[in-house]
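Each chain is listed here by its residues.
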Amino acid sequence: MRNYLEKPAYSVTLLAHGEEVLPHIHKQLPDLILFDLMLPGMHGMEISRKLRKNWRVPIIIVTAKIVEVDRIVGLELGADDYVCKTFSFREIVARVNAVLRRTYVDVHHKQAVVGPIFLNQETFEVKIAGQALKLTPNEFALLGALMTRPNRVFSLSELLDLLHGYTYEGYDRTIDKHFKNLRKKIGKALPGQEVITTVCGIGCKLTVPKVLTPD
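No experiment lies behind these values; they were computed from the predicted model shown. All residue numbers refer to positions counted from 1 along the written sequence of the respective chain. The predicted origin of the model limits local features to residues at a pLDDT of at least 70 and limits the giving and counting of side-chain atom pairs to 80 or more, whereas totals for whole chains, interfaces and linings rest on all residues. Water and hydrogen atoms play no part in the side-chain values, which are based on all heavy atoms of the structure.

**Q** Go over the sheet that holds strand 2 (residues 59-63) with me, naming the residues and quoting the values.
**A** For two strands to be treated as a pair, DSSP must find at least two bridges joining them. Starting at the N terminus, helices and strands are each numbered in turn, a helix being any DSSP run of H or I of at least four residues and a strand any DSSP run of E of at least two. Sheet architecture is open: 3 strands sit in the order 1-2-3, paired in parallel fashion. Both edges of this open sheet fall to strand 1 (33-36) and strand 3 (81-84), since each of them pairs with a single strand only. Sheet twist, expressed as the average angle between the axes of neighbouring strands with direction ignored, equals 20°. With 4 bridges connecting them, strand 2 and strand 3 associate as parallel partners. Considered in strand 3, the bridge of Ile60 is made with Asp81. The criterion used for residue contact is that any of the two residues' heavy atoms lie within 4.5 Å. To obtain an axis, a line is fitted to C-alpha atoms, over the contacting stretch when the element is a helix, and the angle between two such axes runs from 0 to 180 degrees between their N-to-C directions. Of the strands in this sheet, strand 1, strand 2 and strand 3 touch helix 3 (residues 44-54), which is tilted by about 155° from strand 1.

What follows is the structure, given as structure tokens:
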């Protein structure tokens with residue numbers, strides 16, 4: 001796997017023990033983290049949970065556990081992709097490329113403002129009425145896409161292409177988890193407003209929220 005990833009000129013660091021991950025990241029934050037769930041020393045789920053408390057670095061989980069509930073739990077803990085064994089190394093490279101592309105993409109419009117929502121692509125910041133919102137890379141990418149065209153309905157295939165750049169069988173179920181988490185976070189900052197809505201049989205859209213005013 002390392003050899004395949006180094007062919008596109010990626011620099012790869014290998015760690016063999018779960019307890020090594022967090023100390024290494026404290027010293028040098030990578031552009032992406034890819035790890036197996038069943039690591040010795042510290043389980044991958046625990047690593048993912050602790051990573052998401054302090055960093056927004058993209059995470060891809062590799063595992064032999066193929067039960068859907070395990071994939072969903074991994075995504076809810078902040079993983080950006082979930083690869084089940086067996087897989088080809090070319091698939092791993094494609095997924096790494098897709099995650100890095102959507103996380104660090106150089107876009108023409110670095111900032112977007114929709115009502116009280118502010119998004120900055122360069123600094124990975126999202127604020128609602130000045131209040132910072134902590135999002136995972138997937139949530140950030142989805143919100144950024146919806147903010148480019150408020151009130152426009154984006155189809156599921158468009159959103160899947162944004163997240164992965166290719167068809168990922170079964171992801172249409174887990175993408176709902178990303179939207180659920182995103183709605184929950186926005187809902188705390190904008191109580192009583194349904195900002196992201198689902199259009200039955202078509203897709204999702206961002207409704208321009210009302211600007212909050214002091215009581």
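Moving on, there is more to tell.
**Q** Which residues make up the layout of surface pockets, and what values go with them?
**A** Throughout, the protein atoms alone are placed on a 1 Å grid, and a set of points is a cavity if a 1.4 Å probe fits but cannot get out or a pocket if it is open with protein on both sides within 12 Å along at least five of seven lines; lining residues have an atom within 4 Å of a point. Grid points are joined across faces, edges and corners, and a volume is the space filled by probe spheres set on the points. Approximately 890 Å³ is the volume attributed to the largest pocket. Lining the largest pocket are 26 residues, with Val12, Thr13, Leu32, Ile33 and Leu34 positioned closest to its centre. For the lining of the largest pocket, the secondary-structure elements that each account for two or more residues are helix 1 (2-6), helix 2 (21-27), strand 1 and helix 5 (89-104). At 4 residues, strand 1 tops the list of elements feeding residues into the lining of the largest pocket. We call Asp, Glu, Lys and Arg charged. Ala, Val, Leu, Ile, Met, Phe, Trp, Tyr, Cys and Pro are nonpolar, and the rest, Gly among them, are polar. Looking at the lining of the largest pocket, its residues break down into 19 nonpolar, 4 polar and 3 charged.

**Q** Break down the pairing of strand 6 (residues 125-128) for me, with residues and values.
**A** Here strand 6 shows a clear split, with Val126 and Ile128 buried on one side and none of Glu125 and Lys127 buried on the other. As paired strands, strand 5 (residues 117-120) and strand 6 are joined by 4 bridges and run antiparallel to one another. From the neighbouring strand, Leu119 faces strand 6, where its bridge partner is Val126. Once strand 5 ends, the chain turns through 4 residues before running back antiparallel as strand 6, passing Phe124 with a positive phi of about 55°. Of the strand pairs in this sheet, strand 6 and strand 7 (residues 131-132) are connected by 2 bridges, and their pairing is antiparallel. In the strand pairing of strand 7, Ile128 is matched with Gln131. Connecting the antiparallel pair strand 6 and strand 7 is a turn made up of 2 residues, with Ala129 showing a positive phi of about 50°. Only protein chains enter the accessibility calculation, which uses a 1.4 Å probe; a residue whose area is less than 20% of its type maximum is buried, one above 50% is exposed, and one in between is partly exposed.

**Q** Requested: an account of the sheet that holds strand 4 (residues 111-114), with residues and values cited.
**A** Sheet strands associate in pairs through backbone hydrogen bonding, adopting either a parallel or an antiparallel arrangement. The sheet built from 4 strands is open, its strands ordered 4-5-6-7 with antiparallel pairing. Either end of the sheet is taken by a strand with one partner, and the two such strands are strand 4 and strand 7. The strands that helix 6 (residues 137-148) touches are strand 4, strand 5 and strand 6; relative to strand 5, the one it contacts most, it runs at about 115°.

**Q** Explain the pattern of salt bridges to me, using residue names and the numbers behind them.
**A** One side-chain nitrogen of Lys or Arg within 4 Å of one carboxyl oxygen of Asp or Glu is enough to make a salt bridge. Within the structure shown, the criterion is met by 6 salt bridges. In this structure, Glu46 and Arg49 form a salt bridge, with 2.4 Å as the shortest nitrogen-oxygen distance. Note that Glu46 and Arg49 are positioned in helix 3 at a spacing of 3 residues, about one turn of the helix. We classify Arg49 as partly exposed; its relative accessible area is 31%. Between Glu46 and Lys50 there is a salt bridge, with the nearest N and O atoms lying 3.7 Å from each other.

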